[in-house]
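Residues per chain are reported as follows:
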Amino acid sequence: MARPRKFDTNKALDGAMNVFWAKGYEGASLPDLLEGMGITRGSLYKAFTDKKTLFLTILEHYEAEHVAKAVTGLSDVDIPDGADRIITLFRNVVAAAHRGDWRGCLLCTAAAGPANDNAEISASVARLLDQMEQAFVVALNASPRFADRDDGARATLANLLLTQYVGLRILTRSQAPLEMIEASVQALESMLDAAQ
């Protein structure tokens, strides 16, 4: 009979997520992960097999904790105009930078980093990015500003918005000047406003 784990799985996953978020997949060493998770090497390998499997688990954890929140925001019927939902999402990136949170987005960092060369990680990243893109479509479909656009045009714009979002989060992670991050969001707002 297998012995029960002697650590809090959610707490350990939060710790690993923060390490990967801060250091990236390649930069997160085993000692970093063990310290962040508060577990032993044996416990890590027993529970997660290896670093890649742990990272795939972390992407699922990040999905539940962060991607789902963004998707929910882009689908929030309490904000009637979907374009306003999109603007809120981008403004939240600026607000995080103002608070001194320069981590960017773990998903965006994974998409841009060497870990994405692994087929399993790449497939997981692509699936999560697709969730975000489809959430942009939902928001655009709910905006009177884009009611005259056909489905193909809204899908193309959703792809552009995803590209802008990933780029903005990577700019944030690189600690680009706050003025540049703010200007990018203002340009996006102007583009969405011009559609009215």
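Look up a bit, the structure's there.
Quantities reported herein were computed from a predicted structural model and do not represent experimental measurements.

Cut-off values and rules
- Residues numbered from 1 in each chain as written.
- Predicted model: local features only at pLDDT ≥ 70, side-chain atom pairs only at ≥ 80, totals over all residues.
- Heavy atoms only, no water.
- Core = buried A, V, L, I, M, F, W, Y, C linked by side-chain atoms within 4.5 Å.
- Buried < 20%, exposed > 50% of the residue type's maximum accessible area, 1.4 Å probe, protein only.
- Helix = DSSP H or I, 4+ residues; strand = E, 2+ residues; numbered from the N terminus.
- Expected span 1.5 Å × (residues − 1).
- Contact = heavy atoms within 4.5 Å.
- Polar contact = N/O pair within 3.5 Å; in protein donor to acceptor, adjacent residues only side chain to side chain.
- Salt bridge = Lys/Arg side-chain N within 4 Å of Asp/Glu carboxyl O.
- Phe/Tyr/Trp six-rings, centres within 6.5 Å; stacked < 30°, edge-to-face > 60°.

(A) Spatial organisation of the nonpolar core. Within the largest apolar cluster, 62 residues are counted, with the highest numbers of intra-cluster contacts made by Phe20, Leu33, Met37, Leu54, Ile86 and Phe136. Top element by residues in this core is helix 7 (residues 119-141). It accounts for 10 residues.

(B) Up close: helix 8 (residues 151-173). Here helix 8 is 23 residues long and its end C-alpha atoms lie 33 Å apart, about the 33 Å a rise of 1.5 Å per residue gives. Within the sequence span of helix 8, burial applies to Arg154, Leu157, Ala158, Leu161, Leu162, Tyr165, Val166, Leu168, Arg169 and Thr172. Along its buried surface, helix 8 packs onto helix 5 (82-98), helix 6 (106-112), helix 7 and helix 9 (178-194). Sitting at the head of helix 8, Asp150 places a side-chain oxygen 3.1 Å from the backbone nitrogen of Gly152. Immediately downstream of helix 8, the backbone of Gln175 shows phi near 55°, a positive value.

(C) Broad picture of the pattern of salt bridges. This structure, assessed with the given rule, holds 10 salt bridges. Of the charged contacts, one joins Glu120 and Lys52 as a salt bridge, the two residues approaching to 2.4 Å between their closest N and O atoms. Taken as a pair, Glu120 in helix 7 and Lys52 in helix 4 (residues 51-74) lie far apart in primary sequence, 68 residues in all. Overall, the relative accessible area of 43% leaves Glu120 in the partly exposed class. Assessed through its relative accessible area of 22%, Lys52 is described here as partly exposed. A salt bridge links Arg149 to Asp148, with the nearest nitrogen and oxygen atoms 3.9 Å apart. Note on Arg149: relative accessible area 34%, which makes it partly exposed. Salt bridges here are not isolated pairs; linked through shared partners, they connect Asp81, Asp84, Arg145 and Asp193.

(D) The arrangement of the packing of aromatic side chains in detail. Across all of its chains, the model carries 7 aromatic pairs by this definition. A ring pair is formed by Trp21 and Tyr62, whose centres lie 5.2 Å apart and whose planes are at 90°; its orientation type is edge-to-face. With Trp21 in helix 1 (residues 9-27) and Tyr62 in helix 4, this pair connects stretches of sequence that are 41 residues apart. Of the residues examined, Trp21 reaches a relative accessible area of 4% and is grouped as buried. Ring plane angle 55° and centroid distance 4.9 Å describe the contact between Tyr25 and Phe55, whose orientation is recorded as tilted. Here the residue Tyr25 occupies a position in helix 1, and Phe55 occupies one in helix 4, the gap between them amounting to 30 residues. You'll find Tyr25 and Phe55 in the same group, each marked buried. Among the aromatic residues, those joined into a ring-pair cluster are Phe20, Tyr25 and Phe55.

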